[in-house]
Amino acid sequence: MTDGIVWAFWGHEPLHHYRRMGSGAASIFKNGKWIEPWYERLHAEDTIRQAAELKINLVYTHFFKGFGLRAEKEQMERTRELVQLAHRYGIKVLGYCQLNSLHYETLLDEADDLEDWAGRNADGGIDCWGGAYYRWVPCFNSDAFKRYMRKVIAYGLRHIGLDGFHFDNSYNKPCYCDRCQHAFRRYLADRLHDPERTLGLRHVSHVRIPAFSGAVEAISDPLYGQWLHYRRQLTASVHEDLFGYVKRLSEDRAIVAHNPAFPRHYGHVNRIGYEPACSPDAVDIVFAENDGFIEMTEQGMKTQIEAYKYGQLFGYQVFNSSWLKDGQGNIRVPETSEEICLFEAEALAFGGICGSPWLMRPLKNGSRCVMDRADHTKTLADIFAYFSEHSALYTNVRRTNPVKVLYHPDNLMLAVKQGYLSLLAVVQSLVLKGTPFSYCMLDDMREVGDSDLIVLPGIDYISDAEVAAVRALSDKGHPLLVVGSFAAYNECGVEREPGSPVLEERDSIVRLPCRFDAAKYDPRKHFSAMSANIAHFDRSFAEVVGEMVSGVRISFSQPGLLCETASDAKGHYLVHVINPGNTETIDSLTVSLTFPLDGGQPPYAHCELYSFELAELKGFEWIDNRLEIDVRSLKTFCTLKLYGSSVKETAAIGAKG
Ligand SMILES: [Zn+2]
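Residues numbered from 1 in each chain as written. Predicted model: local features only at pLDDT ≥ 70, side-chain atom pairs only at ≥ 80, totals over all residues. Heavy atoms only, no water.

A. Geometry of the layout of surface pockets. Reported here for the second largest pocket is a volume of approximately 950 Å³. Lining the second largest pocket we find 35 residues, and of these Gly311, Gln312, Leu313, Phe314 and Gly315 sit closest to its centre. Residue assignment for the lining of the second largest pocket shows that the elements contributing at least two residues are helix H12 (305-314), strand E9 (317-320), helix H13 (337-351), strand E13 (398-399) and strand E15 (437-440). Partitioning the lining of the second largest pocket into residue classes produces 14 nonpolar, 10 polar and 11 charged. Mapped onto the domain boundaries, the lining of the second largest pocket takes at least three residues apiece from domain 1 (6-175 + 225-398) and domain 2 (400-548). (1 Å grid on protein atoms, 1.4 Å probe; cavity = no way out; pocket = protein on both sides within 12 Å on 5 of 7 lines; lining within 4 Å. Points joined across faces, edges and corners; volume = space filled by probe spheres on them. Helix = DSSP H or I, 4+ residues; strand = E, 2+ residues; numbered from the N terminus. Nonpolar A, V, L, I, M, F, W, Y, C, P; charged D, E, K, R; others polar. Domains from an automatic or database assignment.)

As C-alpha cells, then:
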C-alpha cells in the first residue's frame, strides 16, 4: 500500500486557520497577503498536473483542523474537489486531521458539552495546545471526543473521498481530569497483582496522578513509573481504535499516517505518552518532524537515520518532515541541489521512499511557491524519476546490517536521559563510521542473523526474564557489546545487589564503559543537532565493533561516508553509500567488502552501480574473500548491487541508471 511512494506536502490547514492564527505564529505558515493566492494555487489543476509530471503520487492536504465539521464544511468541499482532481492524475490524497486541538469558538456550535471533552492541567484548568488559548487539548479518555473523531473519519472517507489520514499531534500530554484519575486507578488495580510489593500500598483506591516533570532524568518514584506505563498504553489504544476504524470503513484501502512528534528529545513517553513499540501495527506512515535535516555542522553530523531505523524496526514508512534552519535559527527550505540530493539519498537508502515537505511552501510572494524555482524542481524531478525506475532497489528490501542495537522501550522510559543518551551515543558512533546497523528488540529477533553483533546501550532497567533472554543470545553464539552499565535495576526500578554477576564473563561479551559530558547535551534540541561526541568510550567504539563483527565488513578509502546494506526481493546484495560532504565530488573511492571465510568461491560474480547522479563503476576485484570496488566521481549517492553466484560468468561493468 505504501510501496514506491513519492510524497509531497500540499498544505496542512484550511484558510480560516491562518486568519484565526494571525501572523505571530512561530510556524512558517502564518497569515499574510500571499496566503489566499497560494491556497488557490494548491487547488489548481495546473499545479496537480505539474505534481504528476514530477512523479509525485501521494500528497497530504487540509481536511480537519479542529474547528468542527460544520465550521470547516466549505473548505472541506475544496478538499473534495482537490481529491477528484488528484485522482484524475493518479495521485492519492491524505487528509490532515488534527488530534490535539478543539477550537471551542466554533466547535461549541456542535457540542454543548465540549468542556467535558477537554483535558485538564494539574490545577484543574483546561489544557490548551501550544499556549494558544483558543485550542483546547482533548482528553484521550473522552468517549465523546473519540466518537466525534469517528464521525470526522467517516465523513473524510465517504464524502470527501480521501485515501487516508495524516493525524497530526497524535500524542497524549498529561491529563488530570476526574475521568483520567479514575482510569489510572482502574489500570493500576488491573495491572498490579501485589500493589503492596510494587508501590508499598495495600490498595490504589486513593492514589492520584503524580505531578508532571519535564526535567525528570530517571524514574525513581514507582507510581510515576506506573503512570508512564499507563499513558503509553492509552495513546496506543487510541491509535489502535483509529487505525481499526479507518481500515474497517475503507476495507483496508486507506492509509493511516501519524505525526506524534517522534523522535525529538529524550523521555518521549514522559513528555508525550508515545512509544511506537506499543502499537507498531496501528500505523502505515510516521512523520519525523524535528530538526534532523541531514547536514554537516560545526558540532557534528546531523541525520534522520534514527527515525528511519525506527521505521525499519516497526515496519512503517517515514515521511521526513525535518526542518532546516539558517544561522539565526529561522526555518528555511533547502537552497542548493546538494542539500536536496542528501535529503533524498538518505530517504532512499534508509527508508525506501522519497518526497518533499517543502515543494509547495509559499515564497510569500503572491501564489509563488518553491516549485517555481526551476533548478530546485529539476533536481527533485531527476531523483523522483530515478526512484520510479529503480524502486526495486529500495522498497520491499530486507536489511542485512550485521550490527544490531537493542531497542528497549522500558529502559528508555525509566532510565530516561541516561538510557536515551546511551542509545544515541551508539547510533551516532555507528553512523559516523559508516557502520551499517539495525535496531532489534528482545521479544522479536526474527531479523537478527545467527552471528550478528548485538549492542546493549545503557540497558539498566531490565527484568529477570529479559536478562535470561540476553544470556540465551550469548549462549547461541552472538557476540554482545555491553555499553555503559547493565541491569542495575529490574523493570520496576528495584536496584539489584551491586556486584551481582547478571552476565557471566565470556570472551564473546565485551564491556565498554561510556561516560557522558552532559553539558554537551541540550535536552531542548533534537539529538542530531548536538555534538557527535556526546559520549566518551575508553577505547574507540568503531575499533571494538570492527573486532567483534563476524559478518560482512565494509570499509571505505575515504572517511565520513554513510552506509546501509540490504537484500532485494531477488536476493541481490545491496550497499547504499552516501557522501554527506557532497559539495565536493570524490574522484576515486574504493569500497571494500570482506565476507566471512567459508572456504568456497567468492559469493558474488557481478557488481553494478546505480545513482541519480553521474557516479561510475570503474571495476571490481576479488582478493581472497575481500571484494574491492572502484567507484569514480561519487558526488552524493550510489547503490552497489552484487549478484550472481559464479565468477565464471562475465562480470557486468558499467554505470546504470
Ligand atoms: Zn482526562
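B. Structural view of helix H18 (residues 541-548). Regarding H18, the residues found buried are Phe541, Val544, Val545 and Met548. Viewed end-on, H18 has its buried residues packed into an arc of 100 degrees, placing them on one side of the element. Next to the buried residues of H18 lie strand E14 (403-406), helix H16 (416-432), strand E16 (453-457), strand E17 (480-483), strand E18 (509-512) and strand E20 (535-537). (Buried < 20%, exposed > 50% of the residue type's maximum accessible area, 1.4 Å probe, protein only. Arc of directions from axis to C-beta. Contact = heavy atoms within 4.5 Å.)

C. Local environment of the coordination of the zinc ion. Donor atoms from the polypeptide that coordinate the zinc ion comprise Cys139 (SG), Cys175 (SG), Cys177 (SG) and Cys180 (SG), at 2.2 to 2.4 Å from the metal. For the zinc ion, the single-chain donor residues occur in sequence as C-x35-C-x1-C-x2-C. With a gap of 41 residues between them, Cys139 in the loop between helix H6 (114-117) and helix H7 (143-160) and Cys180 in helix H8 (residues 178-191) connect regions that are remote in the sequence. Summarising the burial analysis for this pair, Cys139 and Cys180 share the class buried. (Donors = N, O, S within 2.8 Å, 3.2 Å for Na, K, Ca; no water.)

D. Region of interest: the packing of H13 against helix H14 (residues 374-389). Direction vectors running N to C along H13 and H14 enclose 20 degrees, while the axes themselves pass 10 Å from each other. By the angle class used here, H13 and H14 are roughly parallel. At the point where H13 passes H14, the crossing takes the right-handed sense. Along the contact surface, H13 presents Ser337, Ile340, Cys341, Glu344 and Leu348, while H14 presents His376, Thr379, Leu380, Ile383, Phe384, Tyr386 and Phe387. Along the lines of polarity and charge, the residues of the contact of H13 with H14 split into eight nonpolar, three polar and one charged. (Axes fitted to C-alpha atoms, helices over the stretch in contact; angles between N-to-C directions. Parallel < 35°, antiparallel > 145°, perpendicular 65-115°, else oblique. Left-handed = near helix turned anticlockwise from the far one by under 90°.)

E. Layout of the pairing of E9. Going residue by residue along E9, you find Gln317 and Phe319 tucked away on one face and Val318 and Asn320 tucked away on the opposite face as well. Where strand E6 (residues 285-288) meets E9, four bridges bridge the pair, whose relative direction is parallel. The partner of Phe287 across the bridge, within E9, is Phe319. (Pairing = 2+ DSSP bridges.)

F. Summary view of the nonpolar core. Formed by 182 residues in total, the largest nonpolar core has its most connected members in Trp10, Leu481 and Phe541. Element by element, the count of residues in this core is highest for helix H10 (residues 222-249), at 11 residues. Apart from residues lying up to four places away in sequence, Leu481 is in contact with Leu453, Ile454, Val455, Leu456, Val510, Leu512, Phe541, Val544, Val545 and Met548. (Core = buried A, V, L, I, M, F, W, Y, C linked by side-chain atoms within 4.5 Å.)

G. View of the pairing of strand E23 (residues 573-578). When you tally the buried positions in E23, you get six out of six residues, the bulk of the element. Here E23 shows a buried face lined by Tyr573, Val575 and Val577 and a second buried face lined by Leu574, His576 and Ile578. Pairing of strand E22 (residues 562-567) with E23, which is carried by six bridges, proceeds in the antiparallel orientation. Considered in E23, the bridge of Cys563 is made with Val577. The antiparallel hairpin formed by E22 and E23 contains five residues in its connecting segment, where Gly571 sits at a positive phi of about 85 degrees. Pairing geometry for E23 and strand E28 (residues 637-643), over six bridges, is antiparallel. Bridging from a neighbouring strand, Val577 pairs with Cys638 of E28.

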